[in-house]
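Coordinate analysis (summary)
Listed here are the chains, written in short residue letters.
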Amino acid sequence: MQWHAVYTKPKQENIVADSLKGAGLEVFNPRLKQRKYVHGVYKDVIGSLFPCYIFVRFEPANFSWMIKYTRGVRKIVGGDSPWPVSDEVIDLIKSQEENGLISIKPPELRSGDRVIIKDGPLQGLNGIFEKEISGQERVILLLTAIEYQARVVVDKAFLMKTA
């Protein structure tokens, strides 16, 4: 038996995974934990690592029909002859999990590094990393704009290092 990717309807990954587990199949539905700015508040949000996709271990000749007709499934990737996903790929993804979730680690930054804010109310602005605030996941940036510079405090997870 090999792993295969199953394409689901939007936000149906958990429902499909539960249905297929209930049918006795081995299912892997990797989950991602991210810090996001939602309605003016920073929250930890858990979602799919691969939206609309889950991985199922099965023998295509015996189980393709059952998976195709499971509520919430759009198709098996590869159609009539499903494309296998190697065990190494699944093992690599599983090795990144902690307590069943994958977390994106904030970038390691040094004073003077150029960054872009990729999320939150200041999304899209460029800045220069100044320092971390001790005991928190927040940093101080020197924002750069035309003829103006300002210091701001931002969540470290919202930064992306630029060249």
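Since this is a predicted model, take the numbers as computed values, not measurements.

Here Trp83 shows up in the loop between strand E6 (73-76) and strand E7 (84-85). Of the residues examined, Trp83 reaches a relative accessible area of 56% and is grouped as exposed. In the structure, Trp83 is positioned 68 residues away from Arg151 in sequence and 51 Å away in space, judged by C-alpha atoms.

Moving on, we come to the packing of aromatic side chains. Scanning the model with the defined rule gives three aromatic pairs in all. Taken together, a centroid distance of 5.1 Å and an interplanar angle of 35° make the contact between Tyr7 and Tyr53 tilted. Remark: Tyr53 occurs in strand E5 (residues 53-58) and Tyr7 occurs in strand E1 (residues 2-8); sequence separation between them is 46 residues. For Tyr53, a relative accessible area of 33% puts it in the partly exposed group. Aromatic side chains Phe28 and Phe55 sit 6.2 Å apart centroid to centroid with 25° between the ring planes, which places their arrangement in the stacked category. With Phe28 in strand E2 (residues 26-28) and Phe55 in strand E5, the pair connects residues that are 27 residues apart, well separated along the chain.

Let us now look at the pairing of strand E9 (residues 114-117). The side chains of a regular strand alternate between both faces of the sheet. Every second residue of E9 is oriented toward a common face, the buried set being Val115 and Ile117 and the non-buried set Arg114 and Ile116. Of the pairings in the sheet, the one linking E9 to strand E10 (residues 126-132) comprises three bridges and is antiparallel in character. Bridge pairing links Val115 to Gly127 in E10. As defined by bridge partners, E9 adjoins strand E13 (residues 159-161) across three bridges and the pair is classed as antiparallel. Looking at E13, one finds that Ile116 is bridged to Met160.

Here Glu130 lies in strand E10. Overall, the relative accessible area of 26% leaves Glu130 in the partly exposed class. Non-local contacts of Glu130, meaning those with residues more than four positions away in its chain, are made with Ser111, Ile140, Leu141, Leu142 and Arg151.

It is worth spelling out the pattern of salt bridges at this point. Tallied over the full model, the rule gives four salt bridges. Notably, a salt bridge pairs Asp80 with Lys68, separated by 3.8 Å at the nearest N-O pair. With Asp80 in the loop between E6 and E7 and Lys68 in helix H2 (residues 60-68), this pair connects stretches of sequence that are 12 residues apart. Of the charged contacts, one joins Lys161 and Asp113 as a salt bridge, the two residues approaching to 3.4 Å between their closest N and O atoms. Here Asp113 lies in the loop between strand E8 (101-103) and E9 and Lys161 lies in strand E13, a separation of 48 residues in the sequence. In this structure Asp113 comes out as buried when scored by relative accessible area, which is 13%. What you see here is one network of salt bridges that share partners, running through Glu26, Arg57 and Asp87.

Conventions and cut-offs
Residues numbered from 1 in each chain as written. Predicted model: local features only at pLDDT ≥ 70, side-chain atom pairs only at ≥ 80, totals over all residues. Heavy atoms only, no water. Helix = DSSP H or I, 4+ residues; strand = E, 2+ residues; numbered from the N terminus. Buried < 20%, exposed > 50% of the residue type's maximum accessible area, 1.4 Å probe, protein only. Phe/Tyr/Trp six-rings, centres within 6.5 Å; stacked < 30°, edge-to-face > 60°. Pairing = 2+ DSSP bridges. Contact = heavy atoms within 4.5 Å. Salt bridge = Lys/Arg side-chain N within 4 Å of Asp/Glu carboxyl O.

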